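Chain residues, written in single-letter form:
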Amino acid sequence: MHGITGRMGYNQHLVRSVLAIRDQGGVQLSNGDTLQVDPILVGRNLEKVKAVAEKHGVARYSDDLDGALANPEDEIFFDAGATKIRAGLLEKALAAGKHVYCEKPTSDDLEIAIDIAKKARASGLKHGVVQDKLYLPGLMKLKMLRDSGFFGEILSVRGEFGYWVFEGDWQKAQRPSWNYRKEDGGGIIIDMLCHWRYVLDHTFAPVKSVSCLGATHIPTRVDENGKTYKADADDAAYATFELEGGIIAQVNSSWAVRVRRDDLVTFQVDGTHGSAVAGLHKCWTQHRVNTPKPVWNPDQPQTMDFFDDWEEVPDNWPADNGFKVQWEEFLRHVAEDAPWEFGLEAGARGVQLAELGLKSWEERRWLDVPELKF
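First, a word on what this report is: a plain description of the structure on this page. (Residues numbered from 1 in each chain as written. Predicted model: local features only at pLDDT ≥ 70, side-chain atom pairs only at ≥ 80, totals over all residues. Heavy atoms only, no water.)

## With respect to the overall build of the protein
What counts here: Helical segments are the DSSP runs of H or I of at least four residues, strand segments are the runs of E of at least two, and each set is numbered from the N terminus. Here the radius of gyration uses the C-alpha set of atoms, whereas the globule reference equals 2.2 Å times the residue count to the power 0.38. Each residue's exposure class comes from its accessible area (1.4 Å probe, protein chains only) as a fraction of the maximum for that residue type: buried when under 20%, exposed when over 50%, partly exposed otherwise. Only heavy atoms enter the contact rule, under which two residues are in contact if any of them lie within 4.5 Å. For every accessible area listed, the method is Shrake-Rupley and the probe measures 1.4 Å; residues are considered covered only by the protein chains on display. Positive residues here are Lys and Arg, negative ones are Asp and Glu, while His and the chain termini are left out of the count. By convention, charge coordinates are those of NZ in Lys, CZ in Arg, CG in Asp, or CD in Glu.
Tallying secondary structure elements over the protein gives nine helices and 18 strands in all. The C-alpha atoms of the protein give a radius of gyration of 22 Å, which matches the 21 Å a tight globule of 374 residues would have. By residue count, 50% of the 374 residues in the protein fall in the buried class. Considering only contacts within the protein whose residues lie at least 6 apart along the sequence, 69% involve residues at least 24 apart. Summed over its atoms, the accessible surface of the protein is roughly 18,600 Å², and 49% of this surface lies on carbon and sulfur atoms. Positive and negative side-chain charges of the protein, numbering 44 and 57 respectively, have mean locations separated by a distance of 2 Å.

## Looking at helix α2 (residues 46-55)
Helical geometry note: an α-helix holds 3.6 residues per turn, so side chains three or four residues apart project in the same direction. Inclusion rule: To obtain the arc, one takes the directions from the helix axis to the C-beta atoms. Identification of polar contacts relies on pairs of N or O atoms within 3.5 Å, with a donor-acceptor requirement for protein atoms, meaning one able to donate a hydrogen and the other able to accept it, and with residues adjacent in sequence counted only if both atoms are side-chain atoms.
Every buried residue belonging to α2 is among Val49, Val52 and Ala53, and all of these are buried. Down the axis of α2, the smallest arc covering the buried residues is 100°, so these residues share one side. Those residues of α2 that are exposed and aimed more than 90 degrees away from the buried face are Glu47, Glu54 and Lys55. As for α2, its buried residues are in contact with α1 (7-23), β3 (40-42) and β4 (60-62). The N-terminus of α2 is capped by Asn45, whose side-chain oxygen sits 3.2 Å from the backbone nitrogen of Glu47.

## Some details on the state of the cysteines
Where we set the bar: Cysteine sulfurs are considered disulfide-paired once they come within 2.5 Å of each other.
Taken as a whole, this structure holds zero disulfides when the rule is applied. Here Cys194 is not disulfide-linked; the sulfur of Cys102 is the nearest cysteine sulfur, at 11 Å. Since its relative accessible area comes to 3%, Cys194 is described here as buried. The thiol sulfur of Cys212 is not disulfide-bonded, and the nearest other cysteine sulfur, from Cys194, lies at 12 Å. Taking relative accessible area as the criterion, Cys212 reaches 5% and is therefore assigned buried.

## What about the pattern of salt bridges?
Inclusion rule: Salt-bridge detection follows one rule: a side-chain nitrogen of Lys or Arg within 4 Å of a carboxyl oxygen of Asp or Glu.
In this structure the tally under the stated criterion is 25 salt bridges. A salt bridge links Glu103 to Lys104; the nearest nitrogen and oxygen atoms lie 2.7 Å apart. For the pair Glu103 and Lys104, a shared accessibility class is recorded, and that class is buried. Notably, a salt bridge pairs Lys104 with Asp132, separated by 2.9 Å at the nearest N-O pair.

## Focus on empty space enclosed by the protein
Where we set the bar: Grid points spaced at 1 Å over the protein atoms alone were grouped into cavities, where a 1.4 Å probe fits but cannot get out, and pockets, open sets with protein on both sides within 12 Å along at least five of seven lines, with lining residues defined by an atom within 4 Å of a point. Grid points are joined across faces, edges and corners, and a volume is the space filled by probe spheres set on the points.
Evaluation of the coordinates by the stated rule reveals one cavity of 30 Å³ or more. There is about 30 Å³ of room inside the largest cavity. Considering the residues around the largest cavity, the lining is formed by Lys104, Pro105, Val129, Gln131, Cys194, Tyr198, Ala346, Gly347, Gly350 and Val351. When residues of the lining of the largest cavity are traced back to their parent elements, those giving at least two are α7 (188-203) and α9 (344-363). No other element matches the four residues that α9 contributes to the lining of the largest cavity.

## Some points on the layout of surface pockets
Here is the rule we go by: All residues other than Ala, Val, Leu, Ile, Met, Phe, Trp, Tyr, Cys, Pro, Asp, Glu, Lys and Arg, Gly among them, are scored as polar; the first ten of these are nonpolar and the last four charged.
When its volume is computed, the second largest pocket comes out at roughly 520 Å³. Around the second largest pocket, the lining comprises 24 residues; the ones closest to its centre are Asp38, Glu73, Asp74, Glu75 and Ile76. Of all the secondary structure elements, the ones that give two or more residues to the lining of the second largest pocket are β3, α3 (65-69), β5 (76-79) and α8 (322-336). In terms of residue count, the dominant contributor to the lining of the second largest pocket is α8 (four residues). For the lining of the second largest pocket, a count of residues per class yields 17 nonpolar, one polar and six charged.

## Some details on the side chain of Lys133
Looking at where Lys133 falls in the secondary structure, it is placed in the loop between β7 (127-129) and α6 (137-148). The exposure class assigned to Lys133 is buried, which follows from its relative accessible area of 13%. Sequence-distant contacts of Lys133, that is, excluding residues within four places in its chain, are made with Leu139, Met192, His195, Trp196, Tyr198 and Val199.

## Focus on the sheet that holds strand β16 (residues 283-287)
Put simply, the rule is: For two strands to pair, DSSP has to find at least two bridges joining them. Structural elements are reduced to axes, namely lines fitted to C-alpha atoms, with helices fitted over the stretch in contact, and the angle between N-to-C directions of any two is expressed from 0 to 180 degrees.
One open sheet accounts for nine strands, arranged β17-β16-β15-β14-β8-β13-β12-β9-β18; its pairing is mixed. Here the strands that pair on one side only, and so sit at the sheet edges, are β17 (311-312) and β18 (367-368). As paired elements, strand β15 (residues 274-278) and β16 share five bridges and run antiparallel to each other. Bridging across to β16, Val277 finds its partner in Trp284. Against the sheet, α6 makes contact with β8 (154-162), β14 (265-271), β15 and β16, and its axis sits at roughly 25° relative to β16, the strand it touches most.

## Brief notes about unusual backbone geometry
For the bond running from Lys104 to Pro105, omega is 0°, close enough to zero to count as cis. Note that Pro105 resides in the loop between β6 (99-102) and α5 (110-123). The phi dihedral of Asp337 is positive, around 55°, even though this residue is not glycine. Examined against the element boundaries, Asp337 turns out to sit in the loop between α8 and α9.

Below is the structure:
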């Protein structure tokens, strides 16, 4: 496991996924066997990696990636490090005969993302990219509603994502400074449009075209060492997507917005028969038979509480951590060839949409999303 000293690699992948799988006794396979995990933590800063390993009872750690890849008993390489070096690490791991699993984006360059996907396919090894939001209970409920026909004909999707990331001067920033520097692969478009690609494709309908406007609302920030730096990467993106079937999706993503909604990310889906609003976990619906009839009267305060007219979708199934659930699926895919649909091709599609979003912003126009060939 590489990149586990970073926020996402440590919290979601190491502690809440791999170590949680270890501590529960492993993953149950279809034949009744149990597959156990035995991670080795790898990073450039040996002291940091050692501290993490000792804190969580992980026996193996190293700052020698080549040495770790040379061990034939470690069958899977995972990366949650910096985007700029990811494709090179994946290529090295594939050459060493490792199955690969990684965070997204798989690259900040589409040609590189396609190339590494092709190499993974040609290797015959298993490969995957994290698509965590598909495993969120709120998004799973939206998909269930779609599959059940609840919406009728889906008309539109509206997404709001983000929160205020502190500038780092009077209060420490919640995100690393590289996120706000172009040269380091930062920017919310390359980060979040990769997510919106798989969310839209799998939950509603495939993306056909995109129009995107980015912005750098906070041009100066303070890094982890207290040094002021120029934040030249986009910290907000305002994107509109055309989906198959004539569905229009609008998704705002921002690290410079204060939250007054149900969750840090919400999606509202409107259809001819009903509507739904989902956050990370909860989902509310309103069917056409119980849609109220508000009256527009700007001369009097609004008397209706519009939140009262929505009904919550119950939690009818247990919801584990989404990252952990996808880890378990990938481990089963490696161990017994269980079904898997999120190979590095999916990572390239995410990079494609992000790259088109940046190009749309630069050229100030709509762009079609062509099918990729692998």
